[in-house]
Amino acid sequence: TAGHCVRDGKPYTFIATNFWYGPILASEGRGGDIDRLRKELDALKALGIENLRVLVGGDGADGVYSRVEPTLQTAPGVYNDTLLVGLDRFLVELGKRDMQAVLYVNNSWEWTGGYGQYLEWATGEKTLIPLVDGYWPFMQQMRKFQTSQEAQQLYFNHLRNIVSRVNSITGKPYSEDPAIFAWQLGNEPRCFSDEPEVRDGFIGWMTEAARIVKELDGNHLLSTGNEGLMGCEEDRELLRAVNEIPGIDYMTIHIWPYNWSWVRPDHLAEDVDAAIERTKAYLLEHKTLAAELSLPVVAEEF
């Protein structure tokens with residue numbers, strides 16, 4: 001309902017954590033460790049953390065510097081089935097504990113492939129790696145995703161494949177699984193540009209992605225995974241447009257004072273108070289916009 005989440009007829013708030021690797025632990029392949037998974041889920045549940053934000057696989061080849069492994073989508077539409085079954089089993093384990101997952105299906109950063117891998121598949125241009133090539137050249141390259149129909153189409157295909165999946169263990173469609181809290185269009189989808197054409201492309205692909213998700217699954221919530229103003233070139237109108245996309249059910253924000261240079265690495269003690277004030281202001285600003293749009297707001301990463 002407007003402005004807040006409701007579950008089983010009651011207002012629903014939650015404490016959550018990132019748990020990107022859950023489906024890898026649940027798999028029977030490389031990186032699989034079902035005993036560890038069960039222990040971690042039990043520990044989280046005991047702490048009152050019942051909502052987990054989970055990556056639906058990395059994209060591209062293994063062996064790429066700074067990329068998580070093993071990857072799920074090894075080539076466009078080609079999957080590591082062991083990891084897909086791992087995702088199925090992960091959802092089963094959540095269901096047993098009355099826990100839920102936010103499943104995100106893309107990334108603007110290199111550590112899962114995401115934007116850069118789709119661009120590389122579409123254009124053949126090698127993806128830059130920020131820790132090697134620098135963040136500025138990387139971000140200049142990633143802005144091309146917003147205007148590449150070919151790269152976006154590869155993402156849409158992947159999105160369709162995942163959202164329409166039927167759990168191989170239970171036989172239940174993902175669209176009917178209460179262990180899924182929400183779908184998310186990506187991890188920190190950013191525009192990486194303030195040029196009108198790029199900005200329009202950014203809103204455009206997210207609008208189409210939201211349409212696809214809601215067409216295939218009318219039962220679950222949907223969010224963008226965006227950081228808020230810092231993910232929208234600090235442009236309030238762009239932030240509003242992103243959260244007015246049809247089908248977006250709640251606003252997300254992330255808060256990274258250190259990464260955003262709100263504190264200096266060598267002056268943490270003297271900068272921390274100012275960072276706290278900026279964080280409070282950031283929370284309030286987004287709370288105000290969320291109220292205007294009648295959307296719940298979730299501070300996902302901080």
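See the structure above.
From a predicted model like this one, the values you see are computed outputs, not experimental measurements.

Trainee: Please clarify how the pattern of salt bridges should be interpreted in this entry.
Mentor: Two side chains of opposite charge can pair, provided their charged atoms sit close to one another. Counted according to the given criterion, the structure contains 27 salt bridges. Note that aspartate 98 and arginine 7 form a salt bridge whose closest N and O atoms lie 3.0 Å from each other. One end of the pair, aspartate 98, is in the loop between helix H3 (81–96) and strand S7 (100–104); the other, arginine 7, is in strand S1 (residues 5–7), with 91 residues separating them in the sequence. With a relative accessible area of 44%, aspartate 98 lands in the partly exposed category.

Trainee: Honestly, a nonpolar patch on the surface in this entry has me stumped. Any pointers?
Mentor: On the surface, Tyr65, Leu131, Val132 and Tyr135 cluster together into a nonpolar patch covering about 450 Å² of accessible area. Tracing the chain through its elements places leucine 131 in helix H5 (residues 130–133). Judged by its relative accessible area of 57%, leucine 131 falls in the exposed class.

Trainee: Sorry, what's going on with the pairing of S7 here?
Mentor: A regular strand places its side chains so that they alternate between the two faces of the sheet. Among the five residues that make up S7, five are buried, leaving the element largely enclosed by the rest of the structure. Residues of S7 alternate between two faces, with Gln100, Val102 and Tyr104 on one and Ala101 and Leu103 on the opposite face, all of them buried. As defined by bridge partners, strand S4 (residues 49–55) adjoins S7 across five bridges and the pair is classed as parallel. Note on S7: the bridge partner recorded for leucine 55 is tyrosine 104. Note that S7 and strand S8 (residues 180–184) share four bridges and pair parallel. Paired with leucine 103 across the bridge in S8 is tryptophan 183.

Cut-offs used in this document
- Residues numbered from 1 in each chain as written.
- Predicted model: local features only at pLDDT ≥ 70, side-chain atom pairs only at ≥ 80, totals over all residues.
- Heavy atoms only, no water.
- Salt bridge = Lys/Arg side-chain N within 4 Å of Asp/Glu carboxyl O.
- Helix = DSSP H or I, 4+ residues; strand = E, 2+ residues; numbered from the N terminus.
- Buried < 20%, exposed > 50% of the residue type's maximum accessible area, 1.4 Å probe, protein only.
- Patch = residues over 30% accessible without salt bridge, like charges linked within 9 Å, V, L, I, M, F, W, Y side chains within 5 Å.
- Areas by Shrake-Rupley, 256 points an atom, 1.4 Å probe, with all protein chains shown as cover.
- Pairing = 2+ DSSP bridges.

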